[in-house]
Amino acid sequence: MRSRPSRLLLGAAALALLASAVTVTAASATARPHTFKVKYLTLAMPAPYKPAPPAGATDDYHCSLINPKVTTSSFIVSSNFNPGDLNSTEVHHAILFLIPPSWAAAAQKADNGGTCFGETILPNQSLGLPGSKPLSGQPTWLTAWAPGHNKNVFPSGTGMLFPKGSLVVLQIHYNTLAGDLPIASSLTLGTVPLAAKLKPLSLDLYPAPPDVPCLAAWNPSSTPLCDRANALKYLAQRFGQQAVNFVNGLEIICGRNPSNPPAGDTTSCTWTNHRRARVVAIGAHMHLTGVDFSLTLNPGTSRQKVLLNVKNFNFDFQRGYSVKPWLQITPGEKLRVSCTYNPAIHDVNPQLRQAPRRFVTWGAGSSDEMCLGLIFTVAG
């Protein structure tokens, strides 16, 4: 059964995941901690929100545009998300997006106080490829929450830049298969001044496309949504055609035929790093049928190194891993993300049993799946 999620925070993205340590051999050293007093800023929703998914869907991505009235630039060094009522389980994840001053007008124009599916918040915003130079001046992830963490503290000597005059967007994913009570959430950020001279953190997202077929015991030939094409139509009904476009684009990037990708309980994708950096933390994200996750540097070569190998992944207790000492990566090196799923969980999980059996692809819903590695780096 799915337990009530504990309060957690992932620093800087979907989805910052920093909790337990993983030993990685590397030559570079970590930075010294700052000595400045931490100031705390709490961002709260203006009122409790009752999830209201689109017709035929059970997931609601709701965005609140917030002006934190920050008059001095700073570094974020910690974050603590409070999903709200302890008896409520409908919060699947939360992401806080930084809206730089140059994008403030666009954010205010786009703000409808409502649905906001996707990993980019504003029209005409782009996602950079993993390991590329961060997009200058673009909205970015500041922090993210998912079940399993408590207060999140960034690695010693690092922080997320928080420019003065910025707006923020708090995106919360509600899953009404788990509940639909009105809920008010809040997020507290710990900040220090730029004089702390911390190393700015960057986040890269490394996805792979799930293509998980129906179990033979489900009699796929007589179950329409066990056909992948029908499952993608169902995805579009719930989240719009852009969700299908993302699936197809990801298949192409990962070297697959989007019309007929390899199906199975395991998926992987190999990405190329495009900049010199040091890895300081790693995270993993899947949904309710995810069971195993791995992230490998330079797979299949004499320099192969398994950076993360998560067995028995548990959605309710997602964890993050700090890298000590920091690991140097250089342009041209490869990173492979791999995920394994157990579709039989559908019939025993109280939430998934309410959703139709189907061919499962990448999707924004709790009953869809994801395969996502998160790598936090500093320059160098």
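Residues numbered from 1 in each chain as written. Predicted model: local features only at pLDDT ≥ 70, side-chain atom pairs only at ≥ 80, totals over all residues. Heavy atoms only, no water.

Asks: What should I look at first to understand the packing of helix α2 (residues 228-239) against helix α3 (residues 241-253) in this one?
Replies: Pairs of packed helices are described in terms of their axes, by the angle between the two and the distance that separates them. As a packed pair, α2 and α3 sit with axes 6 Å apart at the nearest point and diverge in direction by 135°. Between α2 and α3, the angle is such that the two are oblique. The segment α2 lies against α3, with R228, L232, L235, A236 and F239 engaging Q241, Q242, A243, V244, V247, N248 and E251. When grouped by side-chain class, the residues that make up the contact of α2 with α3 number seven nonpolar, three polar and two charged. (Axes fitted to C-alpha atoms, helices over the stretch in contact; angles between N-to-C directions. Helix = DSSP H or I, 4+ residues; strand = E, 2+ residues; numbered from the N terminus. Parallel < 35°, antiparallel > 145°, perpendicular 65-115°, else oblique. Contact = heavy atoms within 4.5 Å. Nonpolar A, V, L, I, M, F, W, Y, C, P; charged D, E, K, R; others polar.)

Asks: Got a minute to help me understand the state of the cysteines in this structure?
Replies: Formally, a disulfide is one covalent bond, and it connects the sulfur atom of one cysteine to the sulfur atom of another. Enumeration over the complete set of coordinates arrives at three disulfides. Each sulfur in the disulfide pair C214 and C226 lies 2.1 Å from the other. Of note, the bridge from C214 to C226 carries an S-S torsion of about -95° and is left-handed in sense. Residue C214 is located in the loop between β14 (211-212) and α2, and its partner C226 is located in the loop between β14 and α2; the two are separated by twelve residues in the primary sequence. Residue class for C226 comes out buried when judged on its relative accessible area of 10%. Here C339 engages in a disulfide with C371; their sulfurs sit 2.1 Å apart. Residues C339 and C371 share a disulfide whose torsion about the S-S bond is about 85°; that sign makes it right-handed. Here C371 lies in the loop between β21 (360-361) and β22 (372-379) and C339 lies in strand β20 (residues 334-341), a separation of 32 residues in the sequence. Of the residues examined, C371 reaches a relative accessible area of 0% and is grouped as buried. (Disulfide = S-S within 2.5 Å. Buried < 20%, exposed > 50% of the residue type's maximum accessible area, 1.4 Å probe, protein only.)

Asks: Could you clarify how one ought to interpret the nonpolar core in this entry?
Replies: For soluble globular proteins, nonpolar side chains are generally found buried alongside one another. Counting residues in each nonpolar core, the largest one holds 87 residues, and the members touching the most others are F293 and V337. With residues up to four places along the chain from it excluded, the contact list for V337 reads Y206, P207, A208, T267, S268, C269, W271, F293, S294, L295, C371 and G373. Counting residues in each nonpolar core, the second largest holds five residues, with F75, V77, A196 and L198 among its members. (Core = buried A, V, L, I, M, F, W, Y, C linked by side-chain atoms within 4.5 Å.)

Asks: What is the right way to look at α2 in this model?
Replies: Over its twelve residues, α2 runs 16 Å from end to end, which matches the ideal 16 Å to within 8%, given 1.5 Å per residue. Those residues of α2 not exposed but buried are R228, A231, L232, Y234, L235, R238 and F239. The buried residues of α2 occupy an angular sector of 155° when the element is viewed end-on, so they sit on one face. Across from the buried face of α2, at angles greater than 90 degrees, the exposed residues are K233 and Q237. Against β4 (59-66), β14, α3 and β21 lie the buried residues of α2. For α2, the N-terminal capping position is held by D227, with its side-chain oxygen 3.2 Å away from the main-chain nitrogen of A229. Backbone geometry just after α2 places G240 at a positive phi near 95°. (Expected span 1.5 Å × (residues − 1). Arc of directions from axis to C-beta. Polar contact = N/O pair within 3.5 Å; in protein donor to acceptor, adjacent residues only side chain to side chain.)

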